[in-house]
Amino acid sequence: METAYQVPTYAKIPIAIERGDGPYVWDARGTRYIDFYGGHCVAILGHSPKRVVEAIKKQAETLIFYSNIVYNSTRAAAARLVAESAPAGLNRVFFCNSGTEANETALKVARKATGKSTILAMEGGFHGRTLGSLAVTHGPKYREPYRTILPPTVFVPFGDARAVQHTLSTNPDIAAVILEPIQSMAGVRMADSEYFQNLEAACAANGALLIFDEIQTGCGRTGRFSYADIVGITPSIITLAKSLGSGVPVGAMIVHEDVVPSIESGDQGSTFGGGMLAMAAVVATLETIRDEDLASRALMIERRLVDALKPVAVEIRGSGCLLGVEVPGRASDVVGALRSNGLLVGGSGDPNTFRVMPPVNCPESVLDEAIGILTETLSSERVVS
Ligand code: PLP
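Structural notes, computed from the coordinates. What you see is a predicted model; the values in this text were computed from it and never measured.

Cut-offs and rules
- Residues numbered from 1 in each chain as written.
- Predicted model: local features only at pLDDT ≥ 70, side-chain atom pairs only at ≥ 80, totals over all residues.
- Heavy atoms only, no water.
- Salt bridge = Lys/Arg side-chain N within 4 Å of Asp/Glu carboxyl O.
- Buried < 20%, exposed > 50% of the residue type's maximum accessible area, 1.4 Å probe, protein only.
- Helix = DSSP H or I, 4+ residues; strand = E, 2+ residues; numbered from the N terminus.
- Expected span 1.5 Å × (residues − 1).
- Arc of directions from axis to C-beta.
- Contact = heavy atoms within 4.5 Å.
- Phe/Tyr/Trp six-rings, centres within 6.5 Å; stacked < 30°, edge-to-face > 60°.
- Lys NZ or Arg CZ within 6 Å of the ring centre and 35° of its normal.
- Near = heavy atom within 4 Å.
- Polar contact = N/O pair within 3.5 Å; in protein donor to acceptor, adjacent residues only side chain to side chain.
- Pairing = 2+ DSSP bridges.
- Axes fitted to C-alpha atoms, helices over the stretch in contact; angles between N-to-C directions.

Focus: the pattern of salt bridges
Moving on, step 1. Evaluated as defined, the whole model comprises 18 salt bridges.
Moving on, step 2. Between R224 and D229 there is a salt bridge, and its shortest N-O distance comes to 4.0 Å.
Moving on, step 3. Owing to a relative accessible area of 25%, D229 belongs among the partly exposed residues under this scheme.
Moving on, step 4. The partner of D350 in a salt bridge is R317, with the nearest N and O atoms 3.8 Å apart. Residue D350 is located in the loop between β13 (343-344) and β14 (353-356), and its partner R317 is located in strand β11 (residues 315-319); the two are separated by 33 residues in the primary sequence.
Moving on, step 5. Three or more residues are tied together by salt bridges with common partners; here these are R51, E287, R290 and D291.

Topic: helix α9 (residues 193-206)
A turn of α-helix holds 3.6 residues, and therefore any two residues three or four places apart point the same way.
Moving on, step 1. The first and last C-alpha atoms of α9 sit 20 Å apart over 14 residues, in line with the 20 Å expected at 1.5 Å per residue.
Moving on, step 2. Those residues of α9 that sit buried are Y195, F196, L199, A202 and C203. Along α9, the residues classed as buried sweep out an arc of 125 degrees about the axis, all on the same side. Exposed side of α9, more than 90 degrees from the buried face: E194, A204 and A205 are the residues found there.
Moving on, step 3. If you follow the buried residues of α9, they end up packed against β5 (118-122), α8 (161-170), β7 (174-179), β8 (209-213) and α10 (227-231).
Moving on, step 4. Of the residues trailing α9, G207 is marked for its positive phi of about 65 degrees.

Looking at the packing of aromatic side chains
Moving on, step 1. Tallied over the full model, the rule gives 7 aromatic pairs.
Moving on, step 2. Relative to Y142, the ring of F126 lies with its centre 5.2 Å away and its plane at 65 degrees, an arrangement referred to as edge-to-face. One end of the pair, F126, is in the loop between β5 and α6 (131-136); the other, Y142, is in helix α7 (residues 140-143), and 16 residues separate them in sequence. As far as burial versus exposure is concerned, F126 and Y142 are alike and both buried.
Moving on, step 3. Among the aromatic residues, ring-to-ring pairing joins F158, Y195, F196, F212 and Y227 into one connected group.
Moving on, step 4. Between R19 and the ring centre of W26, over which it is positioned, the NZ or CZ distance is 4.0 Å.

Observations regarding the site of the ligand
Moving on, step 1. Residues in contact with the ligand amount to 13 residues; listed here are only the nearest, G99, T100, D213, Q216 and K242.
Moving on, step 2. Between T100 and the ligand, the recorded distance is 2.8 Å, taken from a backbone N or O atom to an oxygen atom.
Moving on, step 3. Here F126 contributes a backbone N or O atom positioned 3.4 Å from a nitrogen atom of the ligand.
Moving on, step 4. The element that contributes the greatest number of residues to the shell around the ligand is helix α5 (residues 99-114), accounting for 3 residues.

Focus on unusual backbone geometry
Moving on, step 1. Positioned with a positive phi, H40 is a non-glycine residue whose angle comes to about 75 degrees.
Moving on, step 2. Topologically, H40 is positioned in helix α2 (residues 38-41).
Moving on, step 3. Judged by its relative accessible area of 18%, H40 is buried.
Moving on, step 4. Phi at K242 is positive, roughly 40 degrees, even though this residue is not glycine.
Moving on, step 5. Looking at where K242 falls in the secondary structure, it is placed in the loop between β9 (237-240) and β10 (251-256).
Moving on, step 6. Residue classification places K242 among the partly exposed positions, given a relative accessible area of 23%.

Here's the deal with the sheet that holds strand β2 (residues 24-27)
Moving on, step 1. Across the sheet, which stays open at both edges, the 4 strands sit in the order β1-β2-β3-β13 with mixed pairing between neighbours. Since the sheet does not close on itself, it has two edges, and those belong to β1 (17-21) and β13, each with one partner.
Moving on, step 2. As paired elements, β1 and β2 share 4 bridges and run antiparallel to each other. Opposite R19, over in β2, you have W26 as the bridge partner.

Focus: the sheet that holds β14
Moving on, step 1. Taken together, the 3 strands give an open sheet; going across it, the order is β11-β12-β14, and neighbouring strands pair in antiparallel fashion. The open sheet is flanked by β11 and β14, the only strands paired with a single partner. The average angle at which neighbouring strand axes cross in this sheet is 20 degrees, direction not considered.
Moving on, step 2. With respect to the sheet, helix α12 (residues 294-309) is in contact with β11, β12 (322-326) and β14, its orientation differing from that of β11 by roughly 175 degrees.

As structure tokens, then:
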């Protein structure tokens, strides 16, 4: 029925997921899978986590929605929690409903704050599919049909600080540099701390804002609330979505206090952004991650997975519960084989890399079982390839 009634924009895997509980999902036939895909890097606490379920149940009975025209205690709590979790200085938040909307908002803020128009983005970067975010998403597959109407963007290779420095110093119209600190969709591509520190300095020297798209890396998944804290820099803006509401749609743009004065009443708005149901999910999600120190646990999960998979993989990249596993053969074959063996993982834009995105609260016993499936499958796939 979905194929009959939805527009054909999604390439689907041939299963119908009908139920989830923690690290597990079940399909319509009752087959159980360990879910290290998380509905595309969303289920940071696994599926239907109890504390989040209780919070949204209670909120639904109290008040499902009221817009930003009034004050509300749940929204206030969510805004404070996000601001207090973010790197020092990033202390104001705008709530919206998705990742692409958070990035669009960040690009607008950067343009107004600097009075410039062009955005510098990274080859391989992914920031969303609506027009503003599409302008900074790399790759002809996404952009080509809409090229003529996209706002001006310059692309440079990810990881090349000199290219950023050169572009900023020769193009006076760059309003912002936007990047994913770990390029997830591109195959979990990493850069070192020095690169990010050079970017921060180059932006400051040339009057451009630095926007960290932490839609995949944020909320504790990679070991800290923000990957900016891992590489020791302070971006002007951080965007979040995916994990933020454990699957209840919500996005956020967090702004540095130096940028806040450029933002005025009416600059941005969203009817549903900051709605109570989503805010209750944000509070429950972030409080759980904080109270149970799950960002540290993400790093323990990384160590377990890396130690186990090193002997059977070409390379493992990433941080915490966002890992890319490079294999000698086609990653899509491995993803299919893992699914047949009861483990869901994600593909990527790199044909040799698949992504492992476990929940940060994954129990040891489930991790052991998943590691067993991964090592066995990769060992046999390696022989085949
Ligand atoms: N930015 C990154 C890094 C993403 O991975 C995604 C989605 O996959 C987006 C932005 C867009 O988010 P959304 O699909 O919620 O609009």
